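Chain by chain, the residues:
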Amino acid sequence: MESMAVEKTDFIRQRIQKDLDQGVLDSGVITRFPPEPNGYLHIGHAKSICLNFGVAKEFGGKTFLRFDDTNPLKESEEYVAAIQADIEWLGFQWSDITFASNHFEEIYQYAVDLISEGKAYVCSLSPEEIRVTRGTLKEPGVDSPFRARPVAESIDLFKRMRGGEFKEGEHVVRLKIDMGSPNINLRDPVIYRIIHASHHKTGDDWCIYPMYDFTHCICDALEGISHSLCTLEFEDHRPLYDWVLDNISVNYHPPQIEFSRLGLEYTVMSKRLLNRLVDEEFVDGWNDPRMPTVSGLKRRGVPARAIRDFCARIGVTKQENTIEMNLLEFCIRADLEKTAPRGMCVIDPLKVVVTNLPENEIEKLSADWHPQNPELGAREILFGRDLYIEKGDFLEEPPAKFKRLTPGGMVRLRYGFIIRCDEAIYDDSGALTQLNCTYFPESRSGQDKSGLKARGVIHWVEANSCELVSVRQYGRLFNVPMPKSADFVDHIDKNSLTESQGLLEKAVMENEIDRIQFERIGYFYRDPDLPRTYNKTVSLREGF
RNA sequence: UGGGGUGUCGCCAAGUGGUAAGGCACCGGGUUUUGAUCCCGGCAUUCGCAGGUUCGAAUCCUGCCACCCCAGCCA
């Protein structure tokens, strides 16, 4: 089933194997995928999902889907539903869904404990004052005047914060670590703030919310996570992660291991930027086929298996990386090549009249759905006097090695007969409007007795039986390989969507095929919402 | 001369002291009723740079250089 996946071994798997070998894992491998429900998942998340779920599966463990919902201002139920759907679509199963908010009471209690032990305090500096006294990258910070606040007073204040007595910004709880630390995260980090907003899970139960650094490690510990995998930017937070777990009464302490995020050429991967693309309507929603979101890739027609294969091929390291788009496209083609039925669709039509075939006479042809996989069966194709071929498949003055139709030249119509072009007809403005051709009955596909030699093979459709469809072709969203967040809007390719009409072979529509290769063009996906619309997933490789 | 990371082929990535895997891309050639697929073959005397240790170094040591991350009451 997953035979396509490459052999995976990376520093994280090696580490886990080592832990297993040394018997330090009491409950086996337990990982978690911890998205904040404040946006849709993208292919970068897919990398993390493949890692977390993949590793657990490989080592016989389990994975929790944990929503990191500590900021009610940004999070919503819409996102938790979408995230679940995307993960399932990607083909992974969690053992449980948890929410950081499930643990709010315990987290609160740990904060109370820390205050009681003099390891945390309620700080009543304004946000601005906290910022200023934090120091800079080179200069140490200075202690808050509230650092020495009596324990009892902090406890009292914290309880009243919870009770809703204060406005946002009036007080926060801070850890008492070291304002002189070269690691800014250790300069008395804020762990609780007041937010008077309804939470999508806890409603109005709380008006104080714990911050990520305090919450995440506690949840990992409470859930017995064996390996807490996250991205590189959290490396500086690890000392804080460890400090918290070392200073509260939990007796379990998972290791945090960081890996590099996925970079992909010609797109952006931050939620903030993706959000702007949607909000400012550069794209048509989160699931626009040009988006690197899971839902966008899905709507584009990318199979989940191709995404998994891609994630397996890019590996997991600590190196910054920007993967070329051609690797993703390779993975998509590799999957679709084996699985997608073939069909014919003419996108830029040129009329062809087969002059030696009587009006209303129809020849029935048979064509396999797949050249290498007979099990997919075959369909019937009609051949008549009026046909359409691709404009680009005829050239008055062909270059050397042109393998298509030319004046007086012969080509085979895929699955059909060889035809010869006898005459090209132009309208008053000099535009080519029609080709008159002769077909050779003896050259019928599969039983050719004509002895004729065609220049090449082109796709076509029969004029009276084909279906008119809408074809959407997508280019890169950006015209530079690595858009910078500062000016990414300036590099958006405004012409990344091309919509045109296509003439589609009848059988493709009748059989309601979702993923189809339009021969000689590319792989297409029948849009799930728009009728008679096909989205181009990826082009075929062009060999010349 | 704040701290934390990373540097192996155009893009990824193995390699963990014994003499540079693999994939994508690219370039040749073969098959082919998709200029697709498929199949063969080519593609780093060299591992950011400079020294050093060693019989032997991408792997150890020293010193440089480059790039990324951190100063949210975001995650």
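Calculation notes
- Residues numbered from 1 in each chain as written.
- Chains lettered and ligands numbered in written order.
- Predicted model: local features only at pLDDT ≥ 70, side-chain atom pairs only at ≥ 80, totals over all residues.
- Heavy atoms only, no water.
- Helix = DSSP H or I, 4+ residues; strand = E, 2+ residues; numbered from the N terminus.
- Rg over C-alpha atoms; globule rule 2.2 N^0.38 Å.
- Buried < 20%, exposed > 50% of the residue type's maximum accessible area, 1.4 Å probe, protein only.
- Pairing = 2+ DSSP bridges.
- Axes fitted to C-alpha atoms, helices over the stretch in contact; angles between N-to-C directions.
- Contact = heavy atoms within 4.5 Å.
- Near = heavy atom within 4 Å.
- Polar contact = N/O pair within 3.5 Å; in protein donor to acceptor, adjacent residues only side chain to side chain.

Before going further, it helps to spend a moment on the overall build of chain A. Each helix and strand counted, chain A has 13 helices and 25 strands in total. Computed over the C-alpha atoms, the radius of gyration of chain A is 31 Å, more than 25% above the 24 Å expected from 2.2 N^0.38 for a compact globule of 544 residues. Judged by the C-alpha coordinates and their principal axes, chain A covers about 100 × 55 × 40 Å. In chain A, buried positions account for 52% of the 544 residues.

Reading across the sheet, the 7 strands line up as β19-β16-β17-β18-β12-β15-β20 and stay open at both edges, with mixed pairing between neighbours. Each having just a single partner strand, β19 (457-458) and β20 (460-462) make up the two edges of the open sheet. Pairing of strand β16 (residues 410-413) with β19 involves 2 bridges; the strand directions are parallel. Each residue of the ladder has a partner; that of R412, found in β19, is V457.

For strand β24 (residues 522-526), the buried fraction is high: 4 of the 5 residues fall into the buried class. As paired elements, strand β23 (residues 515-518) and β24 share 4 bridges and run antiparallel to each other. For Q517, the partnering residue across the bridge sits in β24 and is Y523. Once β23 ends, the chain turns through 3 residues before running back antiparallel as β24, passing R520 with a positive phi of about 70°. As paired strands, β24 and strand β25 (residues 533-539) are joined by 5 bridges and run antiparallel to one another. Its bridge partner lying in β25, G522 is registered against S539. Between β24 and β25, which pair antiparallel one after the other, the connecting turn spans 6 residues, and R532 there sits at a positive phi close to 50°.

The antiparallel open sheet is built from 4 strands, whose spatial order is β4-β5-β6-β7. Looking at the sheet topology across the chains shown, the edges are occupied by β4 (120-123) and β7 (208-210). Between one strand axis and the next, the sheet turns by 20° as a mean value, whatever way the strands run. As paired elements, strand β5 (residues 172-175) and strand β6 (residues 190-194) share 3 bridges and run antiparallel to each other. Counted as the bridge partner of V173 is Y192 from β6. Strands β4, β5, β6 and β7 of the sheet are contacted by helix α6 (residues 151-162), whose axis makes an angle of about 60° with β4.

Let us look at the protein's contact with RNA strand B. Around RNA strand B, the surrounding shell holds 63 residues, and the nearest of these are T70, R342, R414, S445 and G446. The sugar-phosphate portion of RNA strand B accounts for 67% of its atoms within 4 Å of the protein, the bases making up the rest. Take D68: an N or O atom from its side chain is 3.4 Å from a sugar or linking oxygen of RNA strand B. Mapped onto the surface near RNA strand B, the elements with two or more residues apiece are α5 (127-133), β6, α11 (304-314) and α12 (325-339). When residues in the surface near RNA strand B are grouped by element, the largest group, 4 residues, is from α12.

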